[in-house]
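# Structure assessment
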Amino acid sequence: MRRTSALILIGNEILSGRTRDDNIQFLALRLGELGIPLVEIRVIPDIKATIINTVTELRARFDEVFTTGGIGPTHDDITSPCVAEAFGVPWEIHAPTFAVLQERFGPENFNTARQRMAKLPKGATPIANPVSIAPGFSIGNVHVLAGVPRIMRAMFEELAPTLQKGAPVFSRTWHTTLLGEGALADGLEAIQERFTDLDIGSYPFHREGGHGVALVAKGQDMQRVNDAAQAIHDLLKEKGGSPVEGEPPV
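Residues numbered from 1 in each chain as written. Predicted model: local features only at pLDDT ≥ 70, side-chain atom pairs only at ≥ 80, totals over all residues. Heavy atoms only, no water.

This structure, assessed with the given rule, holds 13 salt bridges. Across the salt bridge formed by E85 and K48, the nearest N and O atoms sit 3.3 Å from each other. Of this pair, E85 sits in helix 4 (residues 79-87) while K48 sits in helix 3 (residues 48-61), and the two are 37 residues apart along the sequence. Residue E85 is classed as partly exposed on the basis of its relative accessible area, which comes to 44%. With a shortest N-O distance of 2.8 Å, E245 and R172 are connected by a salt bridge. Residue E245 is located in strand 12 (residues 244-245), and its partner R172 is located in strand 9 (residues 170-176); the two are separated by 73 residues in the primary sequence. Look at E245 and you get partly exposed, because its relative accessible area is 43%. Using a relative accessible area of 24% as the deciding quantity, one classes R172 as partly exposed. One connected set of salt bridges, linked through shared partners, spans E40, R42, E57 and R61. (Salt bridge = Lys/Arg side-chain N within 4 Å of Asp/Glu carboxyl O. Helix = DSSP H or I, 4+ residues; strand = E, 2+ residues; numbered from the N terminus. Buried < 20%, exposed > 50% of the residue type's maximum accessible area, 1.4 Å probe, protein only.)

It is worth spelling out helix 9 (residues 222-238) at this point. With 17 residues, helix 9 extends 24 Å between its outermost C-alpha atoms, agreeing within 8% with the 24 Å of an ideal straight helix rising 1.5 Å per residue. Turning to helix 9, its buried residues number three or more, namely V225, A228, A229, A231, I232, H233, L235 and L236. In this structure, the buried side of helix 9 is in contact with strand 9, helix 8 (181-194), strand 10 (199-207) and strand 11 (210-219). Its side-chain oxygen 3.1 Å from the backbone nitrogen of Q223, D221 forms the N-cap of helix 9. In the segment just after helix 9, G240 is the residue with positive phi, at about 85°. (Expected span 1.5 Å × (residues − 1). Contact = heavy atoms within 4.5 Å. Polar contact = N/O pair within 3.5 Å; in protein donor to acceptor, adjacent residues only side chain to side chain.)

Structure follows, in structure tokens:
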């Protein structure tokens, strides 16, 4: 069964370059393993209308949608109320979450700002946060995660067992240090035309002491991936590329 997902990275700090996003690679790999490969990624600002419109659009197009960022205690953490509005439900105190956070901070330190983290869209299911307690949440096919990589990863692993899985994504790679992309472009295009159900990619690399190109076949049918990988091997050999299986050395 083919399932797809999308990722929305929310935060002015990402768009300004102040914060480097370290979440994409982790989520892309894990979702591929679960058979829900990422098909689209959006990076958007902390603007109410943009968040609402993006969530509304992508949740209608993909089986699962993940967001990162904007669920903390400050005024610019607006992801949660925006998701509530996108679903047309109230944003309200979630009593069990309120109790857990109040116990964590203590009644005297559980101020209004921290109480924001206990508000979820009505009907949402919390995603446990074993790192810093304040949860993410799922509502429908939208899963709202923290932006801090360590917390996001912990949340995702709590969520992963509940996700409906599809066929896992398989990948095989050949590389060469004897040829560049230009020598292989026509042959690689012909392979892509034979295997339209797969992603056939070409990735030039530059390493200390040499450079070359890695050719990748990726898809959810293992036999088709193996057949495409053989075609890539044969192309490299035909062109004098001395193909080596696997990613090029770091």
